[in-house]
Amino acid sequence: MLNKTLIEEFKKSTGYNLNEISDYNVDKLVNFLMASHRSFLNKSIPKIEQNFLLIIKHYQNNNNLKIILNLFIKFQIDFMEHIQIEEKTILPYSKTIYKASIDSSIQTLLLVHFSKYSINDFLNNHKNTECFLSEILYLLSREVDLKNEPLYNILTKQVRQLDDEIKTHAWVEDNILVNKVRAIEIAVNNFIQDSKNS
């Protein structure tokens, strides 16, 4: 399920080995997810936007490209909001609960236990933004007049790669991080319950 490009890119730029990601602790997973957010926002998305602008400059009469760029801008806005929400909720919560589980501090464990936030809140409110990229890829594929244009092919490849990387990122979040945090929540709640019964 993990995208090979994402694995290679993050291993090169961060030292993280995604082939072993299921073995990462919560702290390292959160660091990986935040690093991938930065990579998406500071590298992948700006490159795609730049190539959209270049190809539109060459094909100024192609209104479809302008519409597709507008959809990409909508994706950017939603994706940045998505990242901001994660970096204010699930990611700090995951680090806090992980730290509490390691420290075994009763105060920290109680704070986590009585917290108004849980992994279920994340799951209930987490929306994926990949559908925008799938739609963009579909619309780009309909631009048959551009199939032989190198810049078009580069753009399409970049959007497809970003789509794959975001899907991989979401899979790590939704399957590995969520399961690890849920296990810690259960352990904290069991510890509190056992303490009450003692």
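For clarity, every value in this text was computed on a predicted model and none was experimentally measured. (Residues numbered from 1 in each chain as written. Predicted model: local features only at pLDDT ≥ 70, side-chain atom pairs only at ≥ 80, totals over all residues. Heavy atoms only, no water.)

### Observations concerning the packing of aromatic side chains
When we look at a pair of aromatic rings, we describe it by the centre distance and by the angle of the planes.
Here is step 1 of the chain: Counted according to the given criterion, the structure contains 4 aromatic pairs.
Here is step 2 of the chain: Joined through ring pairs, the aromatic side chains of F40, F52, F72, F75 and F79 make up one cluster.
Here is step 3 of the chain: The ring of Y24 carries K28 above its face, with NZ or CZ at 4.5 Å from the centroid. (Phe/Tyr/Trp six-rings, centres within 6.5 Å; stacked < 30°, edge-to-face > 60°. Lys NZ or Arg CZ within 6 Å of the ring centre and 35° of its normal.)

### So, the nonpolar core
Here is step 1 of the chain: With 26 residues, the main nonpolar core has F52, F72, F75, I136, L140 and L162 as its most contacted residues.
Here is step 2 of the chain: Elements supplying a minimum of two residues to this core: helix 2 (26–58), helix 3 (63–88), helix 7 (130–141) and helix 8 (150–197).
Here is step 3 of the chain: The greatest single-element share of this core, amounting to 8 residues, is contributed by helix 3.
Here is step 4 of the chain: Here F72 is in contact with I45, I48, E49, F52, L133, I136 and L162, once residues within four sequence places are set aside. (Core = buried A, V, L, I, M, F, W, Y, C linked by side-chain atoms within 4.5 Å. Buried < 20%, exposed > 50% of the residue type's maximum accessible area, 1.4 Å probe, protein only. Helix = DSSP H or I, 4+ residues; strand = E, 2+ residues; numbered from the N terminus. Contact = heavy atoms within 4.5 Å.)

### Let's talk about the packing of helix 3 against helix 4 (residues 90–103)
Here is step 1 of the chain: Packing of helix 3 against helix 4 leaves a shortest axis separation of 3 Å and a crossing angle of 20°. What the angle tells us is that helix 3 and helix 4 run roughly parallel. Taking contact as the criterion, the partners of I85, E86, E87 and K88 in helix 3 are, on helix 4, I90, L91 and P92.
Here is step 2 of the chain: Of the residues that constitute the contact of helix 3 with helix 4, the class distribution is 4 nonpolar, no polar and 3 charged. (Axes fitted to C-alpha atoms, helices over the stretch in contact; angles between N-to-C directions. Parallel < 35°, antiparallel > 145°, perpendicular 65-115°, else oblique. Nonpolar A, V, L, I, M, F, W, Y, C, P; charged D, E, K, R; others polar.)

### Some points on the confidence of the model for the chain
Here is step 1 of the chain: The predicted model of the chain has a mean per-residue pLDDT of 84, with 83% of residues at 70 or higher.
Here is step 2 of the chain: Summarising per-element confidence for the chain, the mean pLDDT is lowest in helix 1 (residues 4–14) (56) and highest in helix 2 (95). (pLDDT = per-residue confidence, 0-100.)

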